[in-house]
Amino acid sequence: MPVTADGLPETAAPGDPGPPPGLVVVGHFDQVPGYGVNRPRGADSWLFTWTTGGRGRLRQGAAQARAGVGDLVVLAPGVRHEYDVEPGAPHWRFWWVHCQARPSWRAWLRPYDVGDGLYVVTPAPAGASARIEAAFHRMLPDARWTGAGAPPASDADREQVAVAHGTAARELALCALEEVVLLTAGAARTTAPLPGVDPRVRRAQELLAADPGAPHTVESLAESVRLSPSRFAHLFTQQLGRSPMRALREARLHHAARLLESTDLSVERVAAASGFASPFHFNRVFRERYGMPPGAYRSGGPMVGG
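Per chain, the residues get numbers from 1 upward, laid out in the order the sequence is written. Whole-chain, interface and lining totals are the exception, using all residues; otherwise, since this is a predicted model, local features are given only for residues with pLDDT of at least 70 and side-chain atom pairs are given and counted only at 80 or more. The side-chain values count all of the structure's non-hydrogen atoms but skip hydrogen atoms and water molecules.

1. Some remarks on the side chain of H98
Part 1 of the argument: Put simply, DSSP marks the helices as runs of H or I at least four residues long and the strands as runs of E at least two long, and each gets a number from the N terminus on. Within the fold, H98 resides in strand β9 (residues 92-99).
Part 2 of the argument: Remark: exposure states derive from per-residue accessible area (1.4 Å probe, protein chains only) relative to the maximum for the residue type, with buried under 20%, exposed over 50%, and partly exposed in between. For H98, a relative accessible area of 3% translates into the label buried.
Part 3 of the argument: In protein, a polar contact requires one atom able to donate a hydrogen and another able to accept it; more generally it is a pair of N or O atoms within 3.5 Å, and residues adjacent in sequence count only if both atoms are side-chain atoms. There is a polar contact of 3.1 Å between the side chain of H98 and the side chain of S45.

2. A short note on the pattern of salt bridges
Part 1 of the argument: Should a side-chain nitrogen of Lys or Arg be within 4 Å of a carboxyl oxygen of Asp or Glu, the pair is scored as a salt bridge. In total, this model carries 14 salt bridges according to the counting rule given.
Part 2 of the argument: Between E171 and R102 there is a salt bridge, and its shortest N-O distance comes to 2.9 Å. With E171 in helix α3 (residues 167-185) and R102 in the loop between β9 and α1 (103-109), this pair connects stretches of sequence that are 69 residues apart.
Part 3 of the argument: Looking at E171, the relative accessible area reads 38%, which means it is partly exposed.
Part 4 of the argument: A salt bridge links E179 to R138; the shortest N-O distance between them is 2.8 Å. Taken together, the residues span a long stretch of sequence, with E179 in helix α3 and R138 in helix α2 (residues 129-143) at a distance of 41 residues.
Part 5 of the argument: Assessed through its relative accessible area of 35%, R138 is described here as partly exposed.
Part 6 of the argument: Within this structure, R55, R66 and E86 form a network of salt bridges that share partners.

3. Quick word on the sheet that holds strand β2 (residues 24-31)
Part 1 of the argument: A sheet is described by the order of its strands in space; here 7 strands give the open sequence β10-β11-β7-β4-β9-β2-β12, paired in antiparallel fashion. The open sheet has two edge strands with one neighbour each: β10 (113-115) and β12 (161-164). Taking each pair of neighbouring strands and ignoring which way they run, the sheet shows an average axis angle of 20°.
Part 2 of the argument: DSSP-based pairing: two strands are paired if at least 2 bridges between them are found. As defined by bridge partners, strand β4 (residues 46-54) adjoins strand β7 (residues 72-75) across 4 bridges and the pair is classed as antiparallel. Bridging across to β7, L47 finds its partner in L75. Here, axes are lines fitted to C-alpha atoms. For helices the fit covers the stretch in contact, and angles between N-to-C directions go from 0 to 180 degrees.

What follows is the structure, encoded as structure tokens:
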């Protein structure tokens, strides 16, 4: 959680160098008290840290954060920063990555900005830790990939630091890091829930939005939120003003419109991917919803809101 910057000891030698821009450097450290890094001019690259044991402390400009297990703390370039093992903690075990952040990541991180380019995402979503850990583990061999054949297998006995020099290795490592950013910070980009809506109805909405092409039924949705079908259908319709199956059709049409805008899939494949068993039925309901058939909609360009 964010804390004040008062009292951070000067435990590190000033001027610790940062990696040059353009590289992706990934590592896994388990440091004892006394470890610390101090960069008075900051670094030319972004620094991502994810704590897996103990506690760390990081300062960026006037902002400071304590990092515990499951916390992603990110430091933007160009600002004085320091980090060390938190006083009183027996150690700090963490993954770290220096790199140039992809432009899209800033929007995902922005809700977690605590000032001076310090981003604190805490804690990691329930159930995501194993996948996040696997993504970091993947970065080590990915960063060593030469671009020929498959990336090397992970070697637990090697020093846990790797530098991605080649373009292919950098992009592969960044893909794994992007997975981490999305799994940790993605919750900030979700739509704010409607006030007063029952959590079970919200959960059903999320299931429809996440996979509209799935064979959802009133019974399957009710089971997923632990309600009887009749109680679920009544509650959903009462709170949202439309039945679950009407909401499902709207979600499928929205999904289909997005596929028409962003892919070259045939109309028949768009219909199937969006959960419509019959292309003829899809054409009819799509025209009713958007005022034109799918083919004409695609020719007219993007029209669906975010």
